[in-house]
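If you want the building blocks of each chain, they are given just below.
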Amino acid sequence: MFTRLRPVCSFALTAAVIAVICVGAARRQDAYSHNDAPGYDVFLDSVRAGVLAHVPASPRGGKTGMSRAAVAATTSFVAARSGIAIAADAEARLLALQSEYEQGAAPYVTAGALADAISNWSVDDVLVTATPEEIDRSIESARGFDAPDLPEFFRAGRDRVQVPLGGGSIVASPDEVRAAVTSARTSADTRSYSQTRLRAAVERRLSERLTYLGRADGTRFAPDDLSPVETVALVYSLAANDPMDGSLVDLRGQMAEACKGRTRVVGAPYPRPDGHLPYGPNGYLASTPSPVFMSRVAGLLDRLYR
């Protein structure tokens, strides 16, 4: 039983509540995890139309004075897809760091350093400081998309939180997740274990993203030198389970196709995507507790750029 596996339980808590590893990714996982999969080139074109078209390039030591535009583009990209607004303190910190980066003064951030920072920050900062209300909202989001007219087949699946783990998954009730939160908050050993397990998962997800981003544009998202706006975009991508592909028009098309497919699965009308965003809390394509992450992203920047 889930509740008997205390170390695994704490990892599931970390993944479910703070959503570094989010539910709902499998829908297009093959397309962006395997570069020989059918449709991979089409997916790369979609990446170019998504994050690469909206978050501008910002080479280290290149043309200066573009930091404000780069930060504004990144925060608007996140908000348009998920409804998440970057806090003013985080935006100010990001702007200062991006300006330093353009001047060649900011420290190098590698993919490995980012994975380390995310793993430690997720447990020591996000998990430990999340309020009871944030935990409740996070669990609700991790249960999946909801709407008043959700078919019973999908509504029945919302009584559990399902978290991918390795080749399988852990399924827990909301009460089991809350119990795991309490355990992790009061046990240093549990937090350490969670960080270790989370580190491997974050590294794998980052590698997936950096691989296809690099294939889509070899001059962007370099694993050995990520700019501040690129690090924030990647953190958002992991937290919201957003591959960052597609324009807003493309995403509306993806949601329409998802609606048709889910209707076919159960033979009953699935809620239309009108009025819903694709990602974020109650996201139509992936519902995740990403706001609890992004509201604390300034702390991650502090870890990366001490």
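Position numbers for residues start from 1 in each chain and track the written sequence from start to end. pLDDT decides what is reported in this predicted model: residues at 70 or higher carry local features, side-chain atom pairs at 80 or more are listed and counted, and totals for whole chains, interfaces and linings draw on all residues regardless. Side-chain calculation: all heavy atoms of the structure are included, whereas hydrogens and water are not.

(A) Here's a closer look at the environment of serine 46. If you trace the backbone, serine 46 turns up in helix H3 (residues 40–49). Two residues qualify as a contact provided that any one of their heavy atoms is within 4.5 Å of a heavy atom in the partner residue. Those residues in contact with serine 46, other than ones at most four positions away along the chain, are Asp245, Gly246 and Gln254. Here a helix means four or more residues in a row that DSSP labels H or I, a strand means two or more in a row labelled E, and each is numbered from the N terminus.

(B) Highlighting the environment of alanine 184. Looking at where alanine 184 falls in the secondary structure, it is placed in helix H10 (residues 174–186). For the pair alanine 184 and valine 128, spaced 56 residues apart in the sequence, the C-alpha separation amounts to 8.4 Å.

(C) Geometry of the packing of aromatic side chains. By convention, a stacked pair of Phe, Tyr or Trp rings (six-membered ring in the case of Trp) has centres within 6.5 Å and planes under 30 degrees apart, an edge-to-face pair has planes over 60 apart, and any other such pair is tilted. Under the counting rule described, the total for this entry stands at seven aromatic pairs. Residues phenylalanine 145 and tyrosine 284 carry aromatic rings whose centres are separated by 5.0 Å and whose planes lie at 65° to one another, so their mutual orientation is edge-to-face. Separated by 139 residues along the polypeptide, phenylalanine 145 in the loop between helix H8 (132–142) and helix H9 (152–156) and tyrosine 284 in the loop between helix H13 (248–266) and helix H14 (290–294) bring together distant segments of the chain. Neither residue differs from the other here; phenylalanine 145 and tyrosine 284 are each classed as buried. Taking the centre distance of 5.8 Å and the plane angle of 80° together, the rings of tyrosine 270 and tyrosine 284 count as edge-to-face. Taken together, the residues span a long stretch of sequence, with tyrosine 270 in the loop between H13 and H14 and tyrosine 284 in the loop between H13 and H14 at a distance of 14 residues. Exposure class is identical for tyrosine 270 and tyrosine 284. Each is buried. An aromatic cluster of at least three residues, connected via ring pairs, comprises Phe145, Phe153, Phe154, Tyr270 and Tyr284. In this scheme, Lys NZ or Arg CZ marks a charge over a ring once it lies within 6 Å of the ring centre and within 35 degrees of the ring normal. Note that arginine 262 overlies the ring of tyrosine 284, its terminal NZ or CZ placed 5.5 Å from the centroid. Using a 1.4 Å probe on the protein chains alone, a residue whose accessible area is under 20% of its type maximum counts as buried, one over 50% counts as exposed, and one in between counts as partly exposed.

(D) View of the nonpolar core. Definition of nonpolar core: a set of buried residues of the types Ala, Val, Leu, Ile, Met, Phe, Trp, Tyr and Cys, connected through side-chain atoms within 4.5 Å. Among the nonpolar cores identified, the biggest contains 77 residues, and Val51, Leu114, Leu213, Phe221, Leu234 and Met294 are the most heavily contacted of them. Not counting the four nearest positions on each side in its chain, leucine 234 is found in contact with Leu114, Leu206, Arg209, Leu210, Leu213, Phe221, Leu226 and Met244.

(E) Examining the pattern of salt bridges more closely. We define a salt bridge as a side-chain nitrogen of Lys or Arg found within 4 Å of a carboxyl oxygen belonging to Asp or Glu. For the structure on display, the rule yields 16 salt bridges. Between arginine 60 and aspartate 225 there is a salt bridge, and its shortest N-O distance comes to 3.1 Å. You can see arginine 60 sitting in the loop between helix H4 (51–54) and helix H5 (67–82) and its partner aspartate 225 sitting in the loop between helix H11 (188–216) and helix H12 (228–240), a full 165 residues away along the chain. Between arginine 93 and aspartate 302 there is a salt bridge, with its nearest N and O atoms 3.0 Å apart. In this pair, arginine 93 sits in helix H6 (residues 88–102) while aspartate 302 sits in helix H15 (residues 297–304), placing the two residues 209 residues apart along the sequence. What makes aspartate 302 partly exposed here is its relative accessible area of 36%.

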